[in-house]
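What follows is each chain in one-letter form.
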Amino acid sequence: MKKRSLLAAAATAAVAVVVLAGCSGSGSAGTANGDKVSLSFWSWAPGTDKIVAKWNASHPDIQVKHTDAGGGDASAAKLLTATRAGNAPDLAAVEYTTLPSLIVAGVPIDLTDRLSSATKKAYTKGTLQQVTFDGHVYALPQDVGPMALVYRSDLLEQYGIPVPTTWQEFGEAAAKVKAADPSATLASLPPDQTGFFAGVAAQAGSKWWSTKNGKWSVGIADEQSLQVADFFQGLADKGYISTDPILTPEWNADVNSGKVLSWPSALWAPGVLSGVAPDTIGKWSMAPLPQWKAGDSAVAYQGGSSVIVTKDSKHVEAAAEFAQWLNASKTGADQLLTVSNSYPAAISGQEEAKGSTPPALMPQQKDFYQVAAKISADTIPVTWGPDYNVANTAFSDALSKAIQDHTSWRAAFQSVQDTVVADMEKSGFKVSSR
């Protein structure tokens, strides 16, 4: 099989496009000859049509047509199919987990030299790294999910358990919850939560994927990740945490009845919990995710999406201008917050969020968005690989089997590493293990 690197594939996508140096003028991009530009934009985010209408009202020479193409794997598959047929939209929303595979397939263009200095400064370093591969920027971050701990503040107070600030304290809190109520658990961390384990491994210093000079490194079984595996297996083996599935009718019922006391996840969790556990509204709070080392503050992302400009766009400059307005400008970021109810990736949007009312789940926590902004200021990326889907399936399968057979989680992580490396090598990538 012909060897193919990330940059080689991306370079193919970037051929014959005009370099854009700073896109800031209203209606300036792609309209030098006076022609009006029409752009197509695929996005599943709620309220995108209203945000697009706001752009269209102030940019008569660059009109955007929004299409809800759905989210998740289905959206990425549709985008890849459209690209192969030569009729992809000008712009598309893409989840961070699927971005690398689309880069390899040559779907997005390299935006590095097309971003204004203001755009590059609109994000924290960790946020921009989410869409940067081998030094090249392929998308603009739109919304992010900094990891956080959402917990039943009333029950922890009732049991006299402090809110854990380290994972060691989290384990101690889990033991105390079980002692106070044997039918309850502090949290359930099931094997299909690849994003969670990747996030806490990154927090420990691991990089599950990285790329440099066209060569990939895979670190799913590096020492930091293996220590993470050992830690959480220790809690599960003692019965201090559950590994049962989440977001099932059973889990929802346990959350609603106070038998699950926390959800280590991300800032989007309150919106989910208010829907599945309405009886508990007003009993939850949010705090920074526990740390591996006391005094540390960095957390990874779990979830979120970005916007790409595709290689099929005939109006690259105009598309890049709209993408920057939507995601990196104060106006666009504010719209994402107030209309889409997303947590904006741009610093300006997060600052604006500080004045927002807290989520419905925790109306009493008036400083929710102040805490959120503090968490977001010190984030580290989880760099996903081009075969994330293979890794996601392999991780869930290997860890499920380890839990069922009472075997080593450490060995399960190593098995996933071996599967991912073998798959990437089979696909023609240059790969090394860490």
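Residues numbered from 1 in each chain as written. Predicted model: local features only at pLDDT ≥ 70, side-chain atom pairs only at ≥ 80, totals over all residues. Heavy atoms only, no water.

1. Digging into helix 14 (residues 330-338)
Then, in step 1: If you check which residues of helix 14 are buried, you get Gly-332, Ala-333, Asp-334, Gln-335, Leu-336 and Leu-337.
Then, in step 2: Against helix 2 (48-58), strand 6 (140-152), helix 13 (316-328) and helix 15 (347-353) lie the buried residues of helix 14. (Buried < 20%, exposed > 50% of the residue type's maximum accessible area, 1.4 Å probe, protein only. Helix = DSSP H or I, 4+ residues; strand = E, 2+ residues; numbered from the N terminus. Contact = heavy atoms within 4.5 Å.)

2. Some remarks on the nonpolar core
Then, in step 1: Counting 133 residues, the largest nonpolar core has Phe-197, Trp-209, Phe-232, Met-286 and Phe-322 as the members making the most contacts within it.
Then, in step 2: Per element, the largest residue contribution to this core is eight residues, and it comes from helix 13.
Then, in step 3: Residues within four places of Met-286 in sequence aside, it is in contact with Ala-148, Leu-149, Val-150, Tyr-151, Leu-267, Met-362, Gln-365, Phe-368, Val-371, Ala-372 and Ile-375. (Core = buried A, V, L, I, M, F, W, Y, C linked by side-chain atoms within 4.5 Å.)

3. A look at the packing of helix 8 (residues 167-180) against helix 10 (residues 223-237)
Then, in step 1: In contact at an axis separation of 11 Å, helix 8 and helix 10 are set at 10° when each is read in the N-to-C sense. Classified by the angle between their axes, helix 8 and helix 10 sit roughly parallel to one another. Contacts between helix 8 and helix 10 pair Trp-167, Gln-168, Phe-170 and Gly-171 from the former with Phe-231, Phe-232 and Leu-235 from the latter. (Axes fitted to C-alpha atoms, helices over the stretch in contact; angles between N-to-C directions. Parallel < 35°, antiparallel > 145°, perpendicular 65-115°, else oblique.)

4. Things to note about the confidence of the model for the protein
Then, in step 1: Put simply, the protein has an average pLDDT of 91, and 92% of its residues get 70 or more.
Then, in step 2: Long-range and interchain partners of residues 1-30, a stretch whose pLDDT sits below 50, account for 69 contacts in this model, where long-range means more than four residues apart. (pLDDT = per-residue confidence, 0-100.)

5. Re the packing of helix 17 (residues 388-405) against helix 18 (residues 409-426)
Then, in step 1: Relative orientation of the contacting elements helix 17 and helix 18 amounts to 155°, with a least axis distance of 9 Å. What the angle tells us is that helix 17 and helix 18 run roughly antiparallel. When you trace helix 17 past helix 18, the crossing you get is right-handed. Taken together, the residues of helix 18 that come into contact with helix 17 (itself represented by Val-390, Ala-391, Ala-394, Phe-395, Ala-398, Leu-399, Ala-402 and Ile-403) are Trp-409, Ala-412, Phe-413, Ser-415, Val-416, Thr-419, Val-420 and Asp-423.
Then, in step 2: Looking at the contact of helix 17 with helix 18 residue by residue, the class counts come to 13 nonpolar, two polar and one charged. (Left-handed = near helix turned anticlockwise from the far one by under 90°. Nonpolar A, V, L, I, M, F, W, Y, C, P; charged D, E, K, R; others polar.)

6. Describing the sheet that holds strand 7 (residues 209-212)
Then, in step 1: If you trace the three strands from one edge of the open sheet to the other, you get 7-8-13, paired in mixed fashion. Every interior strand has two partners, whereas the edge strands, strand 7 and strand 13 (431-433), have only one. Here the strands of the sheet are splayed against their neighbours by 25° on average, with no regard to which way each runs.
Then, in step 2: Relative to strand 8 (residues 215-218), strand 7 is paired through four bridges, and the arrangement is antiparallel. Looking at the pairing, Trp-209 lines up with Val-218 of strand 8. (Pairing = 2+ DSSP bridges.)

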